[in-house]
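Below are the chains, spelled out letter by letter.
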2 protein chains.
Amino acid sequence: MYEKKIPLPLECGLAMTREILGGKWKPNLLLAISVGINRPSQLHREIPTSTKRVLNLQLKELEEFEMIEKKIYHQLPPKVEYSLTERGETLMPILRQMNEWGDKNRPFIKSIILNRTKALD
Amino acid sequence: MYEKKIPLPLECGLAMTREILGGKWKPNLLLAISVGINRPSQLHREIPTSTKRVLNLQLKELEEFEMIEKKIYHQLPPKVEYSLTERGETLMPILRQMNEWGDKNRPFIKSIILNRTKALD
DNA sequence: CATATAGGGGACAAAATTATCCCCGGAGGA
DNA sequence: TCCTCCGGGGATAATTTTGTCCCCTATATG
């Protein structure tokens, strides 16, 4: 893994949460797993704008922090299933709120983003 | 501002929220402002591990998305006060939850991070 | 043989974000 | 005069995160 050179402020609650949810696709992964989309290939289909590679990296970090568990079925073809741990479940209220907030405010945020690029003409 | 080369998925609620809260210090800034720490120099003292420079950048983005408002008092020495907009207020439940979650889970997360560096000996 | 599915990852490039350094105006105090 | 405080920002470097490309095992199917 990449070893940080700038230390994380371990005494800040927000920084702790950022360390867990900070990855670009981690919130999406957690939400997807929570609704039963829990196999690597399913997750990739669910988030096609990302790459297998990156999803695997982020899943590994979520696993390292014990937010999700990985069950490996030693079969051929291989089968893997992720599930939320109890600790991971405690993140769901936050994630659902973030998702809802984003949906509610989408039109507004969208308009600002779009005007930003228009201004470049 | 930096112009993104990889387009933002405008249809995903989580991505919208990430766009607002994604900056390293934005959640801290919003929480601080919400409790009355609302002048630039105060904010910098509150978050001394950051730089004025970066805080200004992130404040500007929060302002661009109308999460905060900036009042400039044309005095000498100059005086500036930030405040949450109504829209910005709607973020507070999320931020408070993130902060609480991080505080509750700090010991656990901390131990994982620290063991990570020990493993390099 | 070629392709598909299922899973995984190394090496490296590119993008995005933060940090560092130094400068500005103007007032006030030692 | 020199330093402090208040606010702000350009130029550039460093850090961190994501993405791209290619290769791997093994089975099944056209």
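This write-up is about the structure you can find in this document. (Residues numbered from 1 in each chain as written. Chains lettered and ligands numbered in written order. Predicted model: local features only at pLDDT ≥ 70, side-chain atom pairs only at ≥ 80, totals over all residues. Heavy atoms only, no water.)

Observations regarding the overall build of chain A
Item 1. Scanning chain A from N- to C-terminus turns up six helices and two strands.
Item 2. C-alpha extents for chain A along the principal axes are approximately 55 × 35 × 30 Å.
Item 3. Within chain A, residue pairs in contact and separated by at least 24 positions form 47% of the contacts whose partners lie at least 6 positions apart.
Item 4. Here chain A contributes 20 positively and 15 negatively charged side chains, and the mean placements of these two sets differ by 7 Å. (Helix = DSSP H or I, 4+ residues; strand = E, 2+ residues; numbered from the N terminus. Contact = heavy atoms within 4.5 Å. Lys, Arg positive; Asp, Glu negative; His and termini not counted. Charge placed at Lys NZ, Arg CZ, Asp CG, Glu CD.)

What to know about helix α1 (residues 13-21) of chain A
Item 1. Across the nine residues that make up α1 of chain A, a large majority, eight, are buried.
Item 2. When α1 of chain A is considered as a whole, its buried residues turn out to be G13, L14, A15, M16, T17, E19, I20 and L21 of chain A. (Buried < 20%, exposed > 50% of the residue type's maximum accessible area, 1.4 Å probe, protein only.)

Some thoughts on the protein's contact with DNA strand C
Item 1. Contacts to DNA strand C come from 26 residues, most closely from S41, R53 and K70 of chain A together with Y2 and K24 of chain B.
Item 2. Considering DNA strand C, the proportion of its atoms within 4 Å of the protein that are sugar or phosphate atoms stands at 71%.
Item 3. A distance of 2.7 Å is found between a phosphate oxygen of DNA strand C and a side-chain nitrogen or oxygen belonging to S41 of chain A.
Item 4. Take W25 of chain B: an N or O atom from its side chain is 3.1 Å from a phosphate oxygen of DNA strand C.
Item 5. With four residues, helix α4 (residues 52-64) of chain A is the single largest residue contributor to the surface near DNA strand C.
Item 6. Looking at the surface near DNA strand C residue by residue, the classes come out as 10 nonpolar, six polar and 10 charged. (Near = heavy atom within 4 Å. Polar contact = N/O pair within 3.5 Å; in protein donor to acceptor, adjacent residues only side chain to side chain. Nonpolar A, V, L, I, M, F, W, Y, C, P; charged D, E, K, R; others polar.)

Side note on the packing of helix α2 (residues 26-34) of chain A against α4 of chain A
Residue and element names in this part refer to chain A.
Item 1. Contact geometry of α2 with α4 gives a least axis separation of 10 Å together with a crossing angle of 75°. On the basis of the axis angle, α2 is roughly perpendicular to α4. Each of K26, L29, L30 and I33 in α2 lies in contact with α4, whose residues at this interface are L55, Q58, L59, E61 and L62.
Item 2. Split into classes, the residues belonging to the contact of α2 with α4 amount to six nonpolar, one polar and two charged. (Axes fitted to C-alpha atoms, helices over the stretch in contact; angles between N-to-C directions. Parallel < 35°, antiparallel > 145°, perpendicular 65-115°, else oblique.)

Let's talk about the packing of aromatic side chains
The geometry of an aromatic ring pair comes down to the distance between the two centres and the angle between the two planes.
Item 1. The final tally for this structure, using the stated rule, is zero aromatic pairs over all chains.
Item 2. Its end group placed over the ring of Y73 of chain A, K79 of chain A keeps NZ or CZ at 4.9 Å from the ring centre.
Item 3. Above the ring of F108 of chain B, the side-chain terminus of R87 of chain A is found at 3.4 Å from the ring centroid. (Phe/Tyr/Trp six-rings, centres within 6.5 Å; stacked < 30°, edge-to-face > 60°. Lys NZ or Arg CZ within 6 Å of the ring centre and 35° of its normal.)

Thoughts on the relation of the copies chain A and chain B
Item 1. Rotating chain A by 180° and moving it 0.0 Å along the rotation axis overlays it on chain B with an RMSD of 0.0 Å. Here the transformation between the copies is reduced to the relation of a two-fold axis. If distances are taken from each C-alpha of chain A to the rotation axis, the shortest is found for I94 of chain A, at 3.2 Å.
Item 2. The fraction of interface residues of chain A whose copies in chain B are also interface residues reaches 100%, indicating that both copies meet through the same surface. (Least-squares fit on C-alpha atoms with pLDDT ≥ 70 in both.)

Some details on the pairing of strand β2 (residues 79-84) of chain A
Residues and elements named next belong to chain A.
Item 1. Only one face of β2 is covered, namely the face carrying V80, Y82 and L84; the face carrying K79, E81 and S83 is uncovered.
Item 2. Alignment of strand β1 (residues 68-73) against β2, held across six bridges, turns out to be antiparallel. Residue pairing across strands places K71 opposite E81, the latter belonging to β2.
Item 3. Here β1 folds back onto β2, and the loop between the two strands holds five residues. (Pairing = 2+ DSSP bridges.)

A few points about α4 of chain A
One full turn of an α-helix is made of 3.6 residues, so residues set three or four places apart face in the same direction.
Residue and element names in this part refer to chain A.
Item 1. Taking 1.5 Å per residue, 13 residues should reach 18 Å; α4 reaches 18 Å between its end C-alpha atoms and fits that length.
Item 2. For α4, the complete set of buried residues consists of L55, Q58, L59 and L62. Down the axis of α4, the smallest arc covering the buried residues is 105°, so these residues share one side. Seen from the buried face of α4, the exposed residues on the opposite side, beyond 90 degrees, are R53 and K60. (Expected span 1.5 Å × (residues − 1). Arc of directions from axis to C-beta.)

Description of the environment of E11 of chain A
Item 1. Its location among the elements puts E11 of chain A in the segment before α1.
Item 2. Residue E11 of chain A is classed as exposed on the basis of its relative accessible area, which comes to 56%.
Item 3. Those residues in contact with E11 of chain A that sit more than four places away from it in its chain are R106 and K110 of chain B.
Item 4. Side-chain polar atoms of E11 of chain A contact the side chain of K110 of chain B, separated by 3.0 Å.

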